[in-house]
Amino acid sequence: MAKSEGRNLLTFKTDTSVIVGYVALFLALFSITFYPLVFGSLGVVIGLLAVRYGARTLGFTAIGFGGFSVLFSLLYPLMISAF
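Quick notes on the confidence of the model for the chain
For the chain, mean pLDDT is 87; residues scoring 70 or higher make up 83% of the total. Per-residue pLDDT, averaged within each element of the chain, yields its smallest value for helix H1 (residues 3-31) (78) and its largest for helix H2 (residues 36-53) (94).

Okay, structure coming up:
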């Protein structure tokens, strides 16, 4: 394998990780408004995949927003009913 082929494979892997990271971030942000349990959970799972593929910042951001959305949607009705 030549050096140029190795670079192309590395670039492809990096591009894939960034795409997975942006998909996770989109799902996590979308979950704040619509279907927080479904899209928030998907955002967390795909965010974990993004971290594993190498897009650490995007993945951790998606995990944070998705986790916030899921927790808020579960705890908000309890907070409202307590008062």
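Here we look at the environment of Val20
As for its position among the elements, Val20 is in helix H1. Look at Val20 and you get buried, because its relative accessible area is 17%. Between the C-alpha atoms of Val20 and Gly54, which are 34 residues apart in sequence, the distance is 9.8 Å. Excluding residues within four positions of it along the chain, Val20 makes contact with Ile46, Leu49, Ala50 and Tyr53.

Notes on the nonpolar core
Among the nonpolar cores identified, the biggest contains eleven residues, and these are Val20, Ala24, Leu25, Leu27, Ala28, Phe39, Ile46, Ala50, Ala55, Leu58 and Ala62. Looking at this core, the elements with two or more residues in it are H1, H2 and helix H3 (56-82). Broken down by element, this core gets its largest block of residues, five residues, from H1. Apart from the residues lying within four places of it in its own chain, the contact partners of Leu58 are Val18, Gly21, Tyr22 and Leu25.

Brief notes about H2
Each full turn of the α-helix corresponds to 3.6 residues, which orients residues three or four apart in the same direction. For H2, with 18 residues, the first-to-last C-alpha span of 25 Å sits near the 26 Å given by 1.5 Å per residue. Those residues of H2 not exposed but buried are Phe39, Gly40, Gly43, Ile46, Gly47, Ala50 and Val51. End-on view of H2: buried residues confined to an arc of 150 degrees, all on one side of the axis. Counted as exposed and oriented over 90 degrees from the buried face of H2: Leu48 and Arg52. In the stretch just after H2, Gly54 is the one whose phi turns positive, near 120 degrees.

The rules behind the values
Residues numbered from 1 in each chain as written. Predicted model: local features only at pLDDT ≥ 70, side-chain atom pairs only at ≥ 80, totals over all residues. Heavy atoms only, no water. pLDDT = per-residue confidence, 0-100. Helix = DSSP H or I, 4+ residues; strand = E, 2+ residues; numbered from the N terminus. Buried < 20%, exposed > 50% of the residue type's maximum accessible area, 1.4 Å probe, protein only. Contact = heavy atoms within 4.5 Å. Core = buried A, V, L, I, M, F, W, Y, C linked by side-chain atoms within 4.5 Å. Expected span 1.5 Å × (residues − 1). Arc of directions from axis to C-beta.

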